Every structure is written in C-alpha cells, then in structure tokens.
Amino acid sequence: MSESTASPPANAAWGGRFAGRPAEIMERINASIDFDKRLFAEDIAGSKAHCAMLVRQKILSAEDGEAIAGGLEQILGEILAGKFVFKRAHEDIHMNVEQRLAELIGPAAGRLHTARSRNDQVATDFRLWLRNAIDRGDRQMQALQAALLGQAERHAATVMPGFTHLQIAQPVTFGHHLLAYVEMLGRDRGRMADCRKRLNECPLGSAALAGTSFPIDRHATAAALGFDRPTANSLDAVSDRDFALEYMAAAAIAGVHLSRFAEEIILWCSDGFRFVALSDAFTSGSSIMPQKRNPDAAELVRAKTGRLAGALVGLLTVMKGLPLAYGKDMQEDKEPSFEVADTLELCLAATMGMVLDLTANEAAMRAAAERGFSTATDLADWLVRVLGLPFREAHHVTGSLVKRAEERGVQLAQLSLAEMQAIDQRITNPVFDVLDVASSVASRTSFGGTAPENVERAVANARERFL
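About the cut-offs
- Residues numbered from 1 in each chain as written.
- Predicted model: local features only at pLDDT ≥ 70, side-chain atom pairs only at ≥ 80, totals over all residues.
- Heavy atoms only, no water.
- 1 Å grid on protein atoms, 1.4 Å probe; cavity = no way out; pocket = protein on both sides within 12 Å on 5 of 7 lines; lining within 4 Å.
- Points joined across faces, edges and corners; volume = space filled by probe spheres on them.
- Helix = DSSP H or I, 4+ residues; strand = E, 2+ residues; numbered from the N terminus.
- Nonpolar A, V, L, I, M, F, W, Y, C, P; charged D, E, K, R; others polar.
- Patch = residues over 30% accessible without salt bridge, like charges linked within 9 Å, V, L, I, M, F, W, Y side chains within 5 Å.
- Areas by Shrake-Rupley, 256 points an atom, 1.4 Å probe, with all protein chains shown as cover.
- Salt bridge = Lys/Arg side-chain N within 4 Å of Asp/Glu carboxyl O.
- Buried < 20%, exposed > 50% of the residue type's maximum accessible area, 1.4 Å probe, protein only.
- Expected span 1.5 Å × (residues − 1).
- Contact = heavy atoms within 4.5 Å.
- Pairing = 2+ DSSP bridges.
- pLDDT = per-residue confidence, 0-100.
- Core = buried A, V, L, I, M, F, W, Y, C linked by side-chain atoms within 4.5 Å.
- Phe/Tyr/Trp six-rings, centres within 6.5 Å; stacked < 30°, edge-to-face > 60°.
- Axes fitted to C-alpha atoms, helices over the stretch in contact; angles between N-to-C directions.
- Parallel < 35°, antiparallel > 145°, perpendicular 65-115°, else oblique.
- Left-handed = near helix turned anticlockwise from the far one by under 90°.
- Arc of directions from axis to C-beta.

Caption draft 1: Up close: empty space enclosed by the protein. Overall, the coordinates contain two cavities of 30 Å³ or more when judged by the stated rule. A volume near 50 Å³ is recorded for the largest cavity. As for the largest cavity, its lining consists of L144, L148, Y181, L185, H257, L258, F261 and T351. Listing elements by their share of the lining of the largest cavity, those giving two or more residues are α6 (118-154), α7 (174-199) and α10 (242-269). It is α10 that provides the largest number of residues to the lining of the largest cavity, a total of three residues. A per-class count over the lining of the largest cavity returns six nonpolar, two polar and no charged. Of the voids in this model, the second largest cavity is the one considered here, and its volume is about 40 Å³.

Right, here's the structure in full:
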C-alpha cells in the first residue's frame, strides 16, 4: 500500500512519522484520557495563557489568538455541561482539547502548540491541579482544627487517663488530648504549604526538554497562571515529579495522624472504654447481632489512609530509575495523585464529622483515670517537693506503696496513713491532697501541660495561630 492510500494514524500528533495505526492493546495502555480528563480546567487555562502570550510576542496573529481563545472557552463550556465527548483515540486531555479545537476553528488550532510540548503542558497542568488540591485540603484541615478546638474548649477540665504503652499512665484532660491533634494538623498544613511554595513554578515554555527558539515570555505566562516564577531549567521542568511526591508524602503523614485519631475513637467507643459515643450518623449495626453499634466511619478512615502511603511508595518506585528527561513512565503519576487527594479529602471530611458528632462520657473517663494508680507520679513528686527526697528514692518509695495497694486491691488514695507510714514514716496526711485526679491535672501548669487553665489558654492561642 502506498503512503498516499494508507490509513491515517489515530493520533495527529505524530502523523507525519507514523503511517499505520497502533495495535488495540497499544491504544489501551497508551491512552490516559480516562483519568487525565480531570485536568481539563487546568489544561484549558494553560492553553489560554500560552495563546495570549504568543499573541503579545507576535508569534501568533491577533485573529488566530481570538479564534483559539473563543474555541477554548466553548470547549470548557461543553465539558462543564457534560456534552464533550472524550475519545480514547486522542489519547490524553491535551489532544482531546486540541482535536475539538480544530473541529471548531479549523487549521488555526494547530498554531496553539507553537513553542510548547505535551511534556511541559502536562507538567504545568499537573502543578495547577495539585495546587488546587492543596488549597482544598488546607481548608478541610483548618475546619477539622476548628472542630477539635470546640470540643477541647468544652472539655478543658474533663479528666481522663493518659496512656503510655496503652497502659494508664497519668491523668490528663480530654481537651488537652484533643489539642495534640490540633498541633499535628498544624504541622500537616505547614508541610502542605511548603509543598505548595516549591511546586508553584511554571514549566510552560520548557517545550519537550530543551526550551524553544521562539521569543516567548515565560515570566508573563507564569504570572498569568498564578505561579511565582517560571522553572529555571527546561530539563528539570519536564522530567521531575518531586512536587507530586512531596504532596503525597505530606498527605501520607497527615493520613497517619488521621488514622491514629481514628484508632483512638474506635478504642474509646469499645466496651472496655466507653469514653465517647457516636450517633447513628457515623456508626452501623450488625446483620445478625441487633445490639451492635460499630464505629465504621473511624474504621474506614483507619483503613483508607493506608492508600496514601501506598501511593507514595508506588510513585517513588516509578520515578527512581528514570534518566532525564521525560519518559512515558511518568504518565503513572496522575492516578495515584488523584487517589491521594480524593482519599485525603474524604477522610478529613469523615473525621470532622465524627469530631462534631461525638459525645464524651465524662463519668467513664474520670472513673478510668482513677484506676491504674495514675497519680503515682504525683505522689513521687510530693515526696521530692515536701520531704526533700531524691527523685530516685521517691520513685522507690512510691513503687513500694503501689505494690502494697495492688496487694490489697485498692487505689493509692484508699491506703491509710498508717499503711503509708509503714513504708516510709516521714509521710504525712497532706499527701492525700495530691492523690485526687482533678488535683493532679490542675497541678500540671508547665507550658504545654494539661492543667485546665492551660488548656483554655492553648485553645485561644491555637485559634489565633490556625483559624
């Protein structure tokens, strides 16, 4: 068959080089439109900015520029209205838009791709999309912080046991415990902000890998798209995805925090704790056991956040062996990034819902704090402060008192003074003042400590810092 009668290639992007059509399986593995169509708004925004720059630089005529801009606006409207037909034969979002633009305005559509490549185009689209994802996630994290602060303020003096090794350690307040997650989320937001700052450079105009000979103005394009500056090296601009990896890493760390909190909610709802209760809105029942109320929302947050770490490891594995510049392997960057954003946003929304929904069982929390000799450290501190014992000696005396109470099956405060003096005769009656859990938490007034007055100040301070 001669070249003149051969079937045209499926994709016009390289029609001059390829005469035959790709195999069906090649079309399936090569096409990315099924997922990168999510970049449509960013792709069209980038094309508009590129077009306007080409016109200003007199690389493109004003007439062609006007036709292109109008066509792009029409395409955006079609996509938003659900009338645009995405075609796998056109491979990706860039060519789907370009082919439709050609249908609308004719050959002038082909001039839009002057001084750019799909390599710098997709890198620009992807950065724009991730920037928006970071902004959405930050708003959700801030809202979750606000919900936690509201509960922390309500429970500034609600006594609960603090744990180490999941063993009762010292009394704290529920408000203080919730404030720990406010701080974690603050650092999560800081990591996302740092990521946003570093990714906010514009690759457009880097072309395939080496830049372009056309007299383009990359600074103008970057400014039009809200970037701080254009990327400094064309090879780096099209071939690295560290901005996506950094986003995924920050999301994975945030997911760890959400998962840990979800695990605590699950424990707190269990029969062994009963510290909090969730309503029907965030629990489910059993198909066979009518008495069950399962904290499924928390369990799903705990599970789904595992996807964040998995996606990060997946993209790290894709990128680690790639030489400069672009390789088609990098098409695998978007699906995990989209999944990370979707999963993180879902888990943040579910967690905020649970925080707003939960009801604290203050009596159960206090009763648990009074078990497990949680004021033993207060007793040791009293021996140091009042009797002048070295802390190691005080620790030993307190350990002996705990052993005695354990043998009798009572708490420290239920030992008589005589029993205490049998261990150390220097102990006096005021020791009982420090064995109450409320007195214990009230005494922890060091900066960052659990005293209710500290919690109230910390809530106010956190609102100033984060909200």
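That shown, we press on.
Caption draft 2: Seen up close, a nonpolar patch on the surface. Taken together, the side chains of I25, M26 and I29 make up a nonpolar region of the molecular surface, amounting to roughly 320 Å² of accessible area. Residue placement: I29 occurs in helix α1 (residues 24-30). What makes I29 exposed here is its relative accessible area of 65%.

Caption draft 3: Molecular detail of helix α15 (residues 376-387). With twelve residues, α15 extends 16 Å from end C-alpha to end C-alpha; this agrees with the ideal 16 Å at 1.5 Å per step. The set of residues buried in α15 consists of A376, D378, L379, A380, W382 and L383. Contact partners of the buried residues in α15: α16 (391-408) and α18 (437-443). Once α15 finishes, G388 follows within two positions and takes phi at roughly 75 degrees, a positive value.

Caption draft 4: A look at the pairing of strand β2 (residues 167-173). Note that strand β1 (residues 159-164) and β2 share six bridges and pair antiparallel. The residue of β2 that forms the bridge with G162 is Q170. The hairpin turn running from β1 into β2, its antiparallel successor, is two residues long, and H165 in that turn takes a positive phi close to 60 degrees.

Caption draft 5: Main features of unusual backbone geometry. Omega for the bond connecting L324 with A325 falls within 30 degrees of zero, at 10 degrees, which places this linkage in the cis form. On the secondary structure map, A325 appears in the loop between α12 (306-319) and α13 (334-357). Residues other than glycine seldom take positive phi values, yet R274 does so here, at roughly 55 degrees. Mapped onto the fold, R274 is located in the loop between α10 and β5 (276-277). The class for R274 is partly exposed, based on a relative accessible area of 41%. Unusually for a residue other than glycine, F373 sits at a positive phi of about 55 degrees. If you trace the backbone, F373 turns up in the loop between α14 (362-369) and α15. With a relative accessible area of 16%, F373 lands in the buried category.

Caption draft 6: Focus on the confidence of the model for the protein chain. Looking at the protein chain as a whole, its pLDDT mean stands at 93, while 95% of the residues score no less than 70. A low-confidence stretch, residues 1-10 stays under pLDDT 50, and its non-local contacts, those more than four residues away or across chains, total 16 contacts.

Caption draft 7: Inspection of the pattern of salt bridges at higher detail. Tallied over the full model, the rule gives 31 salt bridges. As a salt-bridge pair, R38 and D342 come within 2.8 Å of each other at their nearest N and O atoms. With R38 in the loop between α2 (33-36) and α3 (40-56) and D342 in helix α13, the pair connects residues that are 304 residues apart, well separated along the chain. R191 is paired through a salt bridge with D188; the nearest N and O atoms lie 3.0 Å apart.

Caption draft 8: Quick look at the nonpolar core. Core analysis: the biggest nonpolar cluster contains 90 residues, and L148, F174, Y247 and L344 have the highest contact counts within it. Take this core: its biggest share by element is 16 residues, from α10. In contact with Y247, other than residues within four places in its own chain, are L130, A133, I134, M192, C195, S337, V340, A341 and L344. Residues L379, V397, V434 and L435 belong to the second largest nonpolar core, which totals 20 residues.

Caption draft 9: Structural context of the packing of aromatic side chains. This model, assessed by the stated rule, comprises eight aromatic pairs. On the basis of an interplanar angle of 55 degrees and a centroid distance of 5.9 Å, the ring pair of F163 and F273 is categorised as tilted. Pair noted here: F163 is in strand β1 and F273 is in the loop between α10 and β5, with a separation of 110 residues, a long-range link. Relative accessible area serves as the criterion here: at 29%, F163 is assigned to the partly exposed category.

Caption draft 10: Quick look at the environment of A52. Its location among the elements puts A52 in helix α3. Residue classification places A52 among the partly exposed positions, given a relative accessible area of 31%.

Caption draft 11: Geometry of the packing of α6 against α10. Orientation of α6 relative to α10, taken along the N-to-C sense of each, is 20 degrees, at an axis distance of 11 Å. The angle between the axes of α6 and α10 places the two elements in the roughly parallel class. Taken as a pair, α6 and α10 cross one another with a handedness that is left-handed. Residues A123, F126, R127, L130, A133, I134, M141, L144 and L148 of α6 touch α10, and the partners they reach there are F243, A244, Y247, A254, L258 and F261.

Caption draft 12: Local environment of helix α4 (residues 62-80). With 19 residues, α4 extends 27 Å between its outermost C-alpha atoms, agreeing within 8% with the 27 Å of an ideal straight helix rising 1.5 Å per residue. Listed as buried for α4 are D64, G65, I68, G71, L72, I75, L76, E78 and I79. All buried residues of α4 fall inside an arc of 160 degrees around its axis, so they share one side. Relative to its buried face, α4 has exposed residues pointing more than 90 degrees away, namely A62, E63, E66 and L80. Residues of α4 that are buried make contact with α3 and α5 (93-105). Within two residues after α4, G82 carries a phi angle of roughly 75 degrees, on the positive side.

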